[in-house]
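# Inside the fold
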Amino acid sequence: MWAEEAVFYQIYPLGFCGASFENDGKCNKNIKSVIDWIPHLNKLGVNAIYFSPIFESDTHGYNTRDYTLIDKRLGTNEDFAKVCQELHNNGIKVVLDGVFNHVGRGFWAFEDVLKNRENSPYVSWFDRITFDGNSNYNDGLWYEGWEGNFDLVKLNLRNEDVINHIFDAIRGWVKEFDIDGLRLDVAYCLDHDFIGRLRDLSNSIKPDFYLIGETLHGDYNMIMNDSMLHSVTNYECYKGLHSSFNSMNMFEIIHSLKRQFDRDPWCLYTGKHLLSFVDNHDVTRVASILNNENHLPLIYALCFGMPGIPCVYYGSEWGFKARKEDGDPALRPCFDKPEWDDLSEWISKLAHAVTSTKALSYGMFDSIVLTNQQCAFLRTCDDERILVCINADEHPFYMNFDMGVSSGIDLISGETIEFNNGFEAKGYSAYYLKL
């Protein structure tokens, strides 16, 4: 499918447009401003955008009020339809955040429950509502909130009316915006029967409609399989990527990659395409988490070179810094315009390498060289072979291997590297050697 050969770009729309935290209905910067970024996206080499929540919500987007309306702080449905049209005209697919585990307290059906209590026809739309309890909102009723957050009211995904409401909304998104897929928020919490039915829906409305689920831990195959999700977020390797550089221990990330993608039959995800990332809207920016700024280009090279679908979070392509402990607004800023620097140029070369080769999208994984500060692994698809080499040390290192060829072309620099049972990698360097 198209996503397996994609390079994703994530935008958090409410932050991108500088929206007020509380939904005051006022549009500060229209979502159509994304159109102004299309030349930047083309130059960067991305061919798919994942938009974090974009529908009418109470505050941060994950507390939905209405699945059919673009958040008024961003503009109108017509505005977003124009954005999607222009992205598609430029060969960029569109994936939306599907927030189906819970809604906001401002969701119209929950407001009816608050007003009419036991007499509301929508009581069964929500999980475990009781009218002899209370919440921190002092409504005189208790209900299940996601992870104890009562601003996120858990939906009953076994209720046919709820399922039909959500599925009708998705059909509307495809009809109105021609979207190409969904990223499912907290997919690890979703009812498995619901996910299976969502897959059936996606197959019926668009044959290449792609489903990606947010997962943190456990066996991803529980919800990533032929009858459920196509892909999930690879949080195991997210942690391993920055931890390997900060501890100067490449064994950590390579251990995870071998556990997930090696050729042995016990490997968990061989042949599957997980979403790879070095940061996103929920975590500290990678430029702020790495101890050594020289490792910033290298962590992207490792992320783009390993099995998976790489995703870049807006602003991180020029090294924007922000820490989780400073609050979500720090992680989700509004920029006047995109910036371009050496890191952006580097990522654009990595993106071109991914989208121009089969091996980096579909190739098998084999570890070739591994030390604390260096790694090299082979990606093989049919007769195409690409050797990904990383030297995290400041000093040159001789990559000792025998690939049965005398040279390789570095897809990043365009240089031809001569082999003599290996080659000397420069300090703080990365190579994609086409053999």
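Cut-offs used in this document
Residues numbered from 1 in each chain as written. Predicted model: local features only at pLDDT ≥ 70, side-chain atom pairs only at ≥ 80, totals over all residues. Heavy atoms only, no water. Helix = DSSP H or I, 4+ residues; strand = E, 2+ residues; numbered from the N terminus. Rg over C-alpha atoms; globule rule 2.2 N^0.38 Å. Buried < 20%, exposed > 50% of the residue type's maximum accessible area, 1.4 Å probe, protein only. Contact = heavy atoms within 4.5 Å. Areas by Shrake-Rupley, 256 points an atom, 1.4 Å probe, with all protein chains shown as cover. Pairing = 2+ DSSP bridges. Axes fitted to C-alpha atoms, helices over the stretch in contact; angles between N-to-C directions. Core = buried A, V, L, I, M, F, W, Y, C linked by side-chain atoms within 4.5 Å. Parallel < 35°, antiparallel > 145°, perpendicular 65-115°, else oblique. Left-handed = near helix turned anticlockwise from the far one by under 90°. Nonpolar A, V, L, I, M, F, W, Y, C, P; charged D, E, K, R; others polar. Arc of directions from axis to C-beta.

Moving on: the overall build of the chain. For the chain, the helix and strand inventory stands at 13 helices and 21 strands. Its C-alpha atoms give the chain a radius of gyration of 23 Å, within 12% of the compact-globule value 22 Å for 435 residues. Considered along the principal axes of its C-alpha atoms, the chain spans approximately 80 × 45 × 40 Å. In the chain, which comprises 435 residues, the share counted as buried stands at 58%. Contacts spanning at least 24 positions in sequence make up 67% of the contacts within the chain whose residues lie at least 6 apart. A total accessible area of about 17,000 Å² is found for the chain, and carbon and sulfur atoms account for 47% of it.

On to the sheet that holds strand β15 (residues 374–381), then. Ordered in space as β14-β15-β16-β21-β18-β19, the six strands form an open sheet in which the pairing is antiparallel. If you trace the sheet from one side to the other, it starts and ends with β14 (364–370) and β19 (416–418), each paired once. Each neighbouring strand pair of the sheet contributes to a mean axis angle of 30°, computed without reference to strand direction. Direction of pairing for strand β16 (residues 384–391) relative to strand β21 (residues 429–434): antiparallel, over a ladder of six bridges. Each bridged residue has a counterpart across the sheet, and for Asn 391 the counterpart in β21 is Ser 429. The strands that helix α8 (residues 250–261) touches are β14 and β15; relative to β14, the one it contacts most, it runs at about 155°.

Phi angles above zero are rare outside glycine, and Arg 117 is one such case at about 50°. Looking at the secondary structure, you find Arg 117 in the loop between α4 (108–116) and β7 (145–146). Phi at Arg 128 takes a positive value of approximately 60°, unusual for a residue other than glycine. By secondary structure assignment, the location of Arg 128 is in the loop between α4 and β7.

Across the sheet, which stays open at both edges, the eight strands sit in the order β11-β10-β9-β5-β2-β1-β13-β12 with parallel pairing between neighbours. The open sheet is flanked by β11 (231–232) and β12 (275–277), the only strands paired with a single partner. Note: strand β9 (residues 181–184) against strand β10 (residues 210–213), four bridges, orientation parallel. From the neighbouring strand, Leu 182 faces β10, where its bridge partner is Leu 211.

With that out of the way, let us pick up the nonpolar core. Within the largest apolar cluster, 136 residues are counted, with the highest numbers of intra-cluster contacts made by Phe 8, Phe 80, Phe 126, Trp 173, Tyr 300 and Phe 304. The element that contributes the greatest number of residues to this core is helix α5 (residues 160–177), accounting for nine residues. Of all hydrophobic cores here, the second largest spans 14 residues; its members include Val 369, Ala 376, Phe 423 and Ala 425.

The subject of this paragraph is the pairing of strand β13 (residues 309–313). In terms of residue burial, β13 counts as a mostly covered element, since five of its five residues are buried. Side chains Ile 309, Cys 311 and Tyr 313 project from β13 onto one buried face, and the interleaved Pro 310 and Val 312 project onto a second face that is buried too. Here strand β1 (residues 8–11) pairs with β13 via three bridges, running parallel. Within β13, the position partnered with Phe 8 by the bridge is Cys 311. Relative to β13, β12 runs parallel, the two sharing three bridges. Bridged to Leu 275 within β13 is Ile 309.

Okay, the packing of helix α7 (residues 235–246) against helix α10 (residues 296–305) next. Direction vectors running N to C along α7 and α10 enclose 140°, while the axes themselves pass 10 Å from each other. Relative to α10, the element α7 lies oblique. The element α7 and its partner α10 pack so that their crossing is right-handed. Of the residues in α10, those touching α7 at Leu 241, His 242 and Phe 245 are Leu 298, Ile 299, Leu 302 and Cys 303. Here the contact of α7 with α10 is built from residues that sort into six nonpolar, one polar and no charged.

As a further point, take the environment of Gly 308. Note that Gly 308 resides in the loop between α10 and β13. Here Gly 308 falls in the buried class, since its relative accessible area comes to 7%. Counting along the chain gives 52 residues from Gly 308 to Leu 360, while the straight-line C-alpha distance between them is 8.5 Å. Residues in contact with Gly 308, not counting those within four places in the same chain, are Leu 274 and Ser 276.

Attention shifts here to the packing of α7 against α8. Packing of α7 against α8 brings their axes to within 7 Å, and their N-to-C directions diverge by 155°. When the interaxial angle is binned, α7 and α8 end up roughly antiparallel. As α7 runs across α8, the sense of the crossing is left-handed. In this structure, α7 contributes Glu 236, Cys 237, Lys 239, Gly 240, Leu 241, Ser 243, Ser 244 and Phe 245 to the contact, and α8 contributes Met 250, Glu 252, Ile 253, Ser 256, Leu 257, Arg 259 and Gln 260. Across the contact of α7 with α8, the residue classes break down as six nonpolar, five polar and four charged.

The α-helix winds at 3.6 residues per turn, so residues separated by three or four positions along the chain end up facing the same way. Of all the positions in α4, only Ala 109, Phe 110 and Val 113 are classed as buried. Buried residues along α4 cover an arc of 100° about the axis, so they all sit on one side. Backbone geometry just after α4 places Arg 117 at a positive phi near 50°.

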